[in-house]
Amino acid sequence: MGPGVLNTTAGKAAALWEGVDVHALAAAVGTPAYVYDAAAIRERYQRLTTALAGIPHRVHYSVKANGNLTVLGVLRELGAGVDIVSGGELYRAQQAGFTGDDVVFSGVGKSAREMGEALDAGVLAFNVESEGELRLLARLAADRGTVAPVAFRVNPEVEVDAAHHYIGTGRRGDKFGIPFDEIAHVAAVAAELPTVRVIGLAMHIGSQLAAFSAFAEAVTKVCGLVGVVRSAGHDGLRFLDIGGGLAVRYADGDPTPDLATFGRIAREAVESTGLTLLVEPGRFLVAESGVLLTRVLYRKHSGGKEYVIVDAGMTELLRPSHYAAYHEITSVAATDGSITADIVGPVCESGDFLAIDRTVDAVQPGDLVAVHNAGAYGFVMSSNYNARPRVAEVMVDGDRWAVVRERERYEDLVRGESATLSWRTS
Ligand code: LLP
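The present account deals with the structure reproduced in this document. Model, not experiment: these values are computed from the prediction.

Along the polypeptide, E288 turns up in the loop between α11 (283-286) and β11 (290-302). The sequence separation of E288 and T146 amounts to 142 residues, and the corresponding C-alpha distance is 41 Å. At a separation of 3.1 Å, a polar atom in the side chain of E288 contacts the side chain of R44.

Below, the structure is given as structure tokens:
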């Protein structure tokens, strides 16, 4: 273990950053900064593909979890495709070297412009979520003299046991997917639209799933629709997209997904339908690869409470305040004992915190702190609130590291704005 490697309570980053001096990295790049480990991403990818060995499948990494071009590049080299939900994510994927064939386009509110761009890119499939979207897509394809490849995203309407209400998506009445009992109708509509070709069925019931009973039920329900769709005249089905949602362990004691069970469910689905499996994991591939490095600014005692004020907050990592999510927090250097404190950021909101009432290493102003498992839904959900420039992102690979996104500068905060008006009306 080299100098500066995390060596406190959990010792988590020790394995991540063998050979990288974290203090030197933080001094060079500044804080806060996200640091990702390429080896950890590769390891998770291998674990997943091992669980799916022998099953015809492709992993379509969900770009929304972490869209950094270098992260995308690591996954592309491993053979992954992508799952996107916007024109911006399509652009990112293309910048990282993915081509249309690598892309499935999910999302409940695709705009005409975004669907046009995806048609032009020749995406593998549009995971269509409503009849209205299907009809608009058919028109856009007709305008271009092409045929749009479509998978119906089904809402399987199961009781999802997600970690937070906000990240369940497959319950009856959720905004996502085509309601289960409307699939036959939408399949009949599609049969009348010459510029769409139905090539698959898709589902995604939620995120941070560790138990697979609802998932298994959903897959079974969706497989049951294959016959319904085929009998509406769609004999070109090729794909069964079972979505993402594999959980990661944020806190000690959190369950981890049983990949053998996941693989068995996937195998049975493929065997019963004869379709190729697509999976759309985001979090599982990148969450544990990432750490948010932040520095302690102050300690403060108020109303009988202890505060550690650090230079990162909800603008950098929204998950604690938005989902009451737990992220382990450790000191980078060894400390003398521990304290129980709220770890809070500089943002002018009482909801700006990284941890509440947490027993952590007894850090002092100037100390470097690591917020763990921050590689998914971290940087991508960051904002410029309080005119805070978005932070740098760094990739570690072995004993090397590189800045893979520069820290924003103040000029970036006002790009596109002007203090003088140029009226567009006369
Ligand atoms: N496919 C679709 C259609 C999705 O909507 C999502 C996530 C995924 C795949 C990837 O799910 P994953 O494997 O990462 O669980 N911001 C929240 C998570 C929102 C997930 C939204 N959809 C969080 O920080 O927990």
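Next comes the rest of the description.
This part covers the site of the ligand. Within the structure, the ligand sits among 18 residues, and S207, E280, R319, Y323 and Y377 are positioned closest to it. The separation between an oxygen atom of the ligand and a polar main-chain atom of R283 is 2.8 Å. Note that an oxygen atom of the ligand is positioned 2.6 Å from one of the side-chain N or O atoms of R319. Alone, the ligand offers 590 Å² of accessible surface; in the complex the protein occludes 92% of this.

For the largest pocket, the calculated volume is near 650 Å³. Within the residue set of the lining of the largest pocket, elements represented by two or more residues are α11 and α12 (319-323). Its residues assigned to classes, the lining of the largest pocket comprises 14 nonpolar, 12 polar and eight charged.

Any two packed helices are characterised by the angle at which their axes cross and by the distance between the axes. Two elements in contact, helix α9 (residues 213-231) and helix α10 (residues 259-273), have axes whose closest approach is 10 Å; the angle formed by their N-to-C orientations is 10°. Here α10 runs roughly parallel to α9, going by the angle between their axes. Within the contact between the two elements, α9 uses F215, A216, V219, C223, V226 and R230 and α10 uses F262, I265, A269, S272 and T273. Its residues placed into classes, the contact of α9 with α10 shows eight nonpolar, two polar and one charged.

Let us look at the side chain of Q208. Topologically, Q208 is positioned in the loop between β8 (196-202) and α9. A distance of 2.7 Å separates a polar atom in the side chain of Q208 from the backbone oxygen of V248.

Attention now goes to empty space enclosed by the protein. On inspection of all chains with the given rule, the structure shows two cavities of 30 Å³ or more. The space that makes up the largest cavity amounts to roughly 60 Å³. If you trace the largest cavity, you find it lined by V308, V310, I329, T330, S331, I343, V360, D361, V363 and V369. Residue assignment for the lining of the largest cavity shows that the elements contributing at least two residues are β12 (305-310), β13 (329-331) and β15 (353-361). No other element matches the three residues that β13 contributes to the lining of the largest cavity. Roughly 30 Å³ of internal volume is contained in the second largest cavity. What lines the second largest cavity is simply L209, F212, F215, G244, G245, L246 and F262. Within the lining of the second largest cavity, the residues separate by chemical class into five nonpolar, two polar and no charged.

A few words on the pairing of β8. The element β8 is largely enclosed, with a buried count of six among its seven residues. Sheet analysis places strand β6 (residues 148-155) next to β8, joined by six bridges and oriented parallel. Across the sheet, P149 pairs through a bridge with R197, a residue of β8. One ladder, built from three bridges, connects β8 with strand β9 (residues 239-241); its direction is parallel. Across the sheet, residue G200 finds its bridge partner in β9, namely F239.

Among the residues making up helix α8 (residues 183-191), those that are buried are I183, V186, A187, V189 and A190. Here the buried residues of α8 occupy an arc of 160° about the axis, which is enough to place them on one side. Taken together, the buried residues of α8 touch α7 (131-143), β6, β7 (178-179), β8 and α9.

This part takes up the side chain of D342. If you trace the backbone, D342 turns up in strand β14 (residues 338-344). Since its relative accessible area comes to 4%, D342 is described here as buried. Separated by 2.7 Å, the side chain of D342 and the backbone nitrogen of D357 make a polar contact. Apart from the residues lying within four places of it in its own chain, the contact partners of D342 are K305, E306, Y307, V308, A355, I356 and D357.

So, how was this worked out
- Residues numbered from 1 in each chain as written.
- Predicted model: local features only at pLDDT ≥ 70, side-chain atom pairs only at ≥ 80, totals over all residues.
- Heavy atoms only, no water.
- Helix = DSSP H or I, 4+ residues; strand = E, 2+ residues; numbered from the N terminus.
- Polar contact = N/O pair within 3.5 Å; in protein donor to acceptor, adjacent residues only side chain to side chain.
- Near = heavy atom within 4 Å.
- Areas by Shrake-Rupley, 256 points an atom, 1.4 Å probe, with all protein chains shown as cover.
- 1 Å grid on protein atoms, 1.4 Å probe; cavity = no way out; pocket = protein on both sides within 12 Å on 5 of 7 lines; lining within 4 Å.
- Points joined across faces, edges and corners; volume = space filled by probe spheres on them.
- Nonpolar A, V, L, I, M, F, W, Y, C, P; charged D, E, K, R; others polar.
- Axes fitted to C-alpha atoms, helices over the stretch in contact; angles between N-to-C directions.
- Parallel < 35°, antiparallel > 145°, perpendicular 65-115°, else oblique.
- Contact = heavy atoms within 4.5 Å.
- Buried < 20%, exposed > 50% of the residue type's maximum accessible area, 1.4 Å probe, protein only.
- Pairing = 2+ DSSP bridges.
- Arc of directions from axis to C-beta.

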